[in-house]
Amino acid sequence: MLRLLTKTRLVKQLASATVVVPPSPRYYAQKPGTSSQKPEEEMISNEPIKFFGSQAATWRAKDTRSGGGDESLWYQPYVISVSLAVFLLYFCCLREESDIDQRLEGNLYDHVSGLEEVQLTVNYKYNKEHGLDTKEQVKRLTELGVDMGQLDAKLAAQ
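The notes below deal with the structure included here.

The rules behind each value
- Residues numbered from 1 in each chain as written.
- Predicted model: local features only at pLDDT ≥ 70, side-chain atom pairs only at ≥ 80, totals over all residues.
- Heavy atoms only, no water.
- Axes fitted to C-alpha atoms, helices over the stretch in contact; angles between N-to-C directions.
- Helix = DSSP H or I, 4+ residues; strand = E, 2+ residues; numbered from the N terminus.
- Left-handed = near helix turned anticlockwise from the far one by under 90°.
- Contact = heavy atoms within 4.5 Å.
- Nonpolar A, V, L, I, M, F, W, Y, C, P; charged D, E, K, R; others polar.
- Phe/Tyr/Trp six-rings, centres within 6.5 Å; stacked < 30°, edge-to-face > 60°.
- Buried < 20%, exposed > 50% of the residue type's maximum accessible area, 1.4 Å probe, protein only.
- Lys NZ or Arg CZ within 6 Å of the ring centre and 35° of its normal.
- 1 Å grid on protein atoms, 1.4 Å probe; cavity = no way out; pocket = protein on both sides within 12 Å on 5 of 7 lines; lining within 4 Å.
- Points joined across faces, edges and corners; volume = space filled by probe spheres on them.
- Salt bridge = Lys/Arg side-chain N within 4 Å of Asp/Glu carboxyl O.

A few points about the packing of helix H7 (residues 115-129) against helix H9 (residues 148-157)
To characterise two packed helices, one gives the angle between the axes of the helices and the distance between these axes. Contact pair H7 / H9: the axes reach a minimum separation of 12 Å and the direction vectors enclose 65 degrees. In the crossing of H7 with H9, the sense of the turn from one axis to the other is right-handed. Together, Thr 121, Tyr 124, Lys 125 and Lys 128 of H7 and Met 148, Leu 151, Asp 152 and Leu 155 of H9 make up the contact between the two elements. For the contact of H7 with H9, the class distribution of residues is four nonpolar, one polar and three charged.

Here it is, written out as structure tokens:
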């Protein structure tokens with residue numbers, strides 16, 4: 001079978017080689033043995049392409065951006081809502097506390113040394129620049145052992 005196909009191809013090539021085709025720039029884009037005239041349908045037209053009545057007239061820009069909204073199932077929002085509710089119920093109510101949960105219950109200032117002093121200094125500077133009350137920050141900074149005279153001098157130098 002393969003030999004037969006190969007022989008027929010060879011015969012077709014030899015037959016098409018005997019046909020004389022005038023040289024033209026589009027000769028290499030044409031099939032061998034075809035005439036140089038094209039059918040009426042394939043001729044290039046200089047008329048404008050009609051927009052109305054084509055598929056482009058009915059295309060919505062929303063379909064290009066979102067990929068079409070008709071692809072989701074009608075019960076998809078219900079499935080997502082129920083899944084989220086079950087997850088929250090388990091995570092917030094049914095799960096047992098672990099050592100990580102107990103560590104997170106504490107104050108952040110207990111876990112990070114020096115954080116409270118830096119935070120109070122930033123709040124004190126902001127309140128002082130904007131003319132707000134600084135009594136609470138001064139009270140807590142003195143409890144932590146910060147010298148307010150040195151802090152004021154340090155802030156004035158900046």
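This is not the end of the story, as more comes after the structure.
Description of the packing of aromatic side chains
One pass over the structure, following the stated rule, counts three aromatic pairs. Where Phe 51 meets Phe 52, the ring centres are 5.3 Å apart and the plane angle is 80 degrees; that geometry is what we call edge-to-face. Seen from their ring centres, Trp 74 and Tyr 75 are 5.2 Å apart, and the 85 degrees between their planes marks the pair as edge-to-face. A relative accessible area of 68% places Trp 74 in the exposed class. One residue, Arg 95, lies across the ring of Phe 91, its end atom 4.6 Å from the ring centre.

Overview of the layout of surface pockets
By volume, the largest pocket amounts to about 180 Å³. Around the largest pocket, the lining residues are Glu 117, Thr 121, Val 122, Lys 125, Val 146, Asp 147, Gln 150, Leu 151, Lys 154, Leu 155 and Gln 158. At the level of secondary structure, the elements contributing two or more residues to the lining of the largest pocket comprise H7 and H9. When its residues are assigned to classes, the lining of the largest pocket shows four nonpolar, three polar and four charged.

Quick notes on the pattern of salt bridges
Throughout the structure, instances matching the rule amount to four salt bridges. Across the pair Arg 95 and Asp 101 runs a salt bridge, and its minimum N-O distance is 3.1 Å. Given the relative accessible area of 28%, Arg 95 is considered partly exposed. One salt bridge connects Glu 116 with Arg 140, and the closest N-O pair in it is separated by 2.7 Å.

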